[in-house]
Amino acid sequence: MGYPDTFTGFCVDGPKSWNKFHKSELQPKPFGDHDIDVEIAACSICSSDVHTVTGGWGEYQGPLCVGHEVVGKAVKVGVHVKNLKVGDRVGVGAQVWACLECDLCKDKNENYCPKLVDTYNSQYPDGSWAHGGFASHIRAHEYFTFKIPDKLETNVAAPLLCAGITTYSPLVRANIGPGKKVGVVGIGGLGHIAVQFAAALGAETYALTHSPNKADDCKQLGAKDVIVTTKEGWNEPWKSKFDIVMNCADVTDKFDMSAYLSILKPGGDFHMVGIPDNPLPEMSAGLFAGGAPKLTGSHLGNHQEMDALLKLAAEKGVRPWVEVMPISEKNCGEAFEKQKESKFRYRCTLAGFDKAFGTA
């Protein structure tokens, strides 16, 4: 068949063959009046993709097409779509639908809608399945499809659709700006973007890392200084200094949480945006009573925050650092293996979709 009846995607069959990609036909949901079809030009790899295909976040039935940092061209728009048109360069992140009717949705918290549909490995109310962005096309509701500013290059803009909003939303919801002090733990795919957004919002920003060799990168990204967390007593000079510490690391289960929580001001947040496979270390109630830190987390952000993020990125020069690879079965496997080992500096965007799939 092919578009518009079916899409084509690079898929895996299960956790045991997570790095063996093959082309497969995908059946999208029925096209609705508020839907947009995007012919994909680029899609970046997110750690969520790796957690999913390896089975770290649970079993799944293949063929599964992941990918939720998508940039491409709108090629079909529903009759009720208001703000986007055919030909627009648009992005789709990690959510493609919500009911937009419940109390959470009406309160601009559609990213917590109990009926939300993730971009892949997720089912719509009608029983159809959502398919991810390592594919020829993606179908999404207009509310979760965003026009990409001209100043943002396609391959660089792609990680903003998930990693960007994941780090930007909690910063603005914590009222981060001038006069605030932000720490970012884990300078990788998420963290290197979090540092840039915290700095772009005007906060005094510090990078916390166990890799001293990343110090120059951190300062280029906008960090005022770098705190190396492998040094004995690293936290002592920083006790009660930070308004928020954003954890972007994937190994929180190995953290000395008392040290990390000690650097927060009373009422400050140790905020989780990285979601590791393993649980957090055991913590006593006394750990929180002593300095009144908060342990918080979040999932993506809302429509208004995504619009503001893209505008800020264009104006302030927030640019994910990406390595670009042409999409293919071989490159998907190799890229996912490198992502699993954290070998990119700091994101990988798969591009060349026109050559892999042709054009509609």
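Residues numbered from 1 in each chain as written. Predicted model: local features only at pLDDT ≥ 70, side-chain atom pairs only at ≥ 80, totals over all residues. Heavy atoms only, no water.

Draft legend 1. Molecular detail of the overall build of the protein chain. Within the protein chain, the secondary structure is distributed over eleven helices and 19 strands. For a compact globule of 360 residues, the expected C-alpha radius of gyration is about 21 Å, and the protein chain comes in at 20 Å, within 12% of that figure. Across its three principal directions, the C-alpha atoms of the protein chain cover 65 × 40 × 40 Å. Across the 360 residues of the protein chain, 57% fall into the buried class. Expressed as a percentage of contacts within the protein chain between residues at least 6 apart in sequence, the contacts between residues at least 24 apart total 72%. In the structure as shown, the protein chain presents an accessible area of about 15,400 Å², 48% of it carried by carbon and sulfur atoms. (Helix = DSSP H or I, 4+ residues; strand = E, 2+ residues; numbered from the N terminus. Rg over C-alpha atoms; globule rule 2.2 N^0.38 Å. Buried < 20%, exposed > 50% of the residue type's maximum accessible area, 1.4 Å probe, protein only. Contact = heavy atoms within 4.5 Å. Areas by Shrake-Rupley, 256 points an atom, 1.4 Å probe, with all protein chains shown as cover.)

Draft legend 2. Representation of helix 5 (residues 191–200) in the model. By the criterion of burial, helix 5 is predominantly enclosed, with nine of the ten residues buried. Those residues of helix 5 not exposed but buried are G191, H192, I193, A194, V195, Q196, F197, A198 and A200. G202 sits one or two positions beyond helix 5 and adopts a positive phi of about 100°.

Draft legend 3. Quick peek at the UniProt feature "domain: Enoyl reductase (ER)" (unreviewed entry) in the protein chain. Cross-referencing UniProt, the feature "domain: Enoyl reductase (ER)" (unreviewed entry) maps to residues 16–344 in the present numbering. The span residues 16–344 carries 25% helix and 25% strand; its end-to-end C-alpha distance comes to 23 Å. (UniProt positions renumbered as here; feature names shortened; annotations may be inferred.)

Draft legend 4. Region of interest: the nonpolar core. Of all hydrophobic cores here, the largest spans 51 residues; its most connected members are I45, F134, I327, F336, L350 and F353. Element by element, the count of residues in this core is highest for strand 3 (residues 35–44), at four residues. Discounting residues that sit within four places of it in the chain, L350 has contacts with A41, A42, C43, I45, F134, M325, P326, I327, C332 and A335. Within the second largest apolar cluster, 47 residues are counted, among which are A94, V184, A223 and A313. (Core = buried A, V, L, I, M, F, W, Y, C linked by side-chain atoms within 4.5 Å.)

Draft legend 5. Summary view of the environment of L160. As for its placement among the helices and strands, L160 is situated in the loop between helix 3 (154–157) and helix 4 (163–173). When the C-alpha positions of L160 and L310 are compared, they lie 7.7 Å apart, and in sequence the two are 150 residues distant. Setting aside residues no more than four positions away along its own chain, L160 makes contact with L152, I165, I193, F197, M306, L309, L310, A313 and P320.

Draft legend 6. Up close: the sheet that holds strand 14 (residues 225–228). Spatial strand order, 14-13-12-15-16-17: six strands in an open sheet with parallel pairing. Each having just a single partner strand, strand 14 and strand 17 (294–297) make up the two edges of the open sheet. Sheet twist, expressed as the average angle between the axes of neighbouring strands with direction ignored, equals 25°. (Pairing = 2+ DSSP bridges. Axes fitted to C-alpha atoms, helices over the stretch in contact; angles between N-to-C directions.)

Draft legend 7. Seen up close, helix 10 (residues 329–340). In this model helix 10 runs 17 Å from its N-terminal to its C-terminal C-alpha over twelve residues, within 8% of the 16 Å that 1.5 Å per residue would give. Turning to helix 10, its buried residues number three or more, namely N331, C332, G333, A335, F336 and Q339. If you follow the buried residues of helix 10, they end up packed against strand 1 (7–11), helix 1 (47–53), strand 18 (322–326) and strand 19 (347–351). Just downstream of helix 10 lies S342, where phi reads positive at about 55°. (Expected span 1.5 Å × (residues − 1).)

Draft legend 8. Examining the domain arrangement of the protein chain more closely. When cut into domains, the protein chain gives domain 1 (7–162 + 301–357) and domain 2 (164–297). One C-alpha centre belongs to domain 1, the other to domain 2, and the line joining them spans 27 Å. Counting from both sides, the interface comprises 27 residues of domain 1 and, opposite them, 25 residues of domain 2. A buried area of about 2,100 Å², summed over both sides, lies between domain 1 and domain 2, and 57% of it is on carbon and sulfur atoms. The three residues of domain 1 that bury the most area against domain 2 are E305, W321 and Y346, which together make up 29% of that side's buried surface. Linking domain 1 to domain 2 there are two salt bridges. Across the pair E305 and R173 runs a salt bridge whose closest N-O atoms are separated by 2.7 Å. (Domains from an automatic or database assignment. Buried area = accessible area lost by both parts, 1.4 Å probe. Salt bridge = Lys/Arg side-chain N within 4 Å of Asp/Glu carboxyl O.)

Draft legend 9. Representation of the side chain of T6 in the model. Counting through the fold element by element, T6 comes out in the segment before strand 1. At 2.8 Å, the side chain of T6 forms a polar contact with the backbone nitrogen of G2. The residues touching T6, leaving out its near neighbours within four places in the chain, are M1, E25, L26, Q27 and P28. (Polar contact = N/O pair within 3.5 Å; in protein donor to acceptor, adjacent residues only side chain to side chain.)

Draft legend 10. Layout of the pattern of salt bridges. Using the criterion set out here, one finds 13 salt bridges in the structure. D88 serves as the salt-bridge partner of K147, at 3.8 Å between the closest nitrogen and oxygen. With K147 in strand 11 (residues 145–147) and D88 in the loop between strand 4 (70–77) and strand 5 (89–92), this residue pair connects regions lying 59 residues apart in the sequence. On the basis of relative accessibility, which here comes to 5%, the residue D88 falls in the buried class. The residue E204 makes a salt bridge to K224 at a minimum N-O spacing of 3.7 Å. With E204 in strand 13 (residues 204–209) and K224 in the loop between helix 6 (215–221) and strand 14, the pair connects residues that are 20 residues apart, well separated along the chain. Overall, the relative accessible area of 56% leaves K224 in the exposed class. A single salt-bridge network, built from bridges that share partners, covers K85, D88 and K147.

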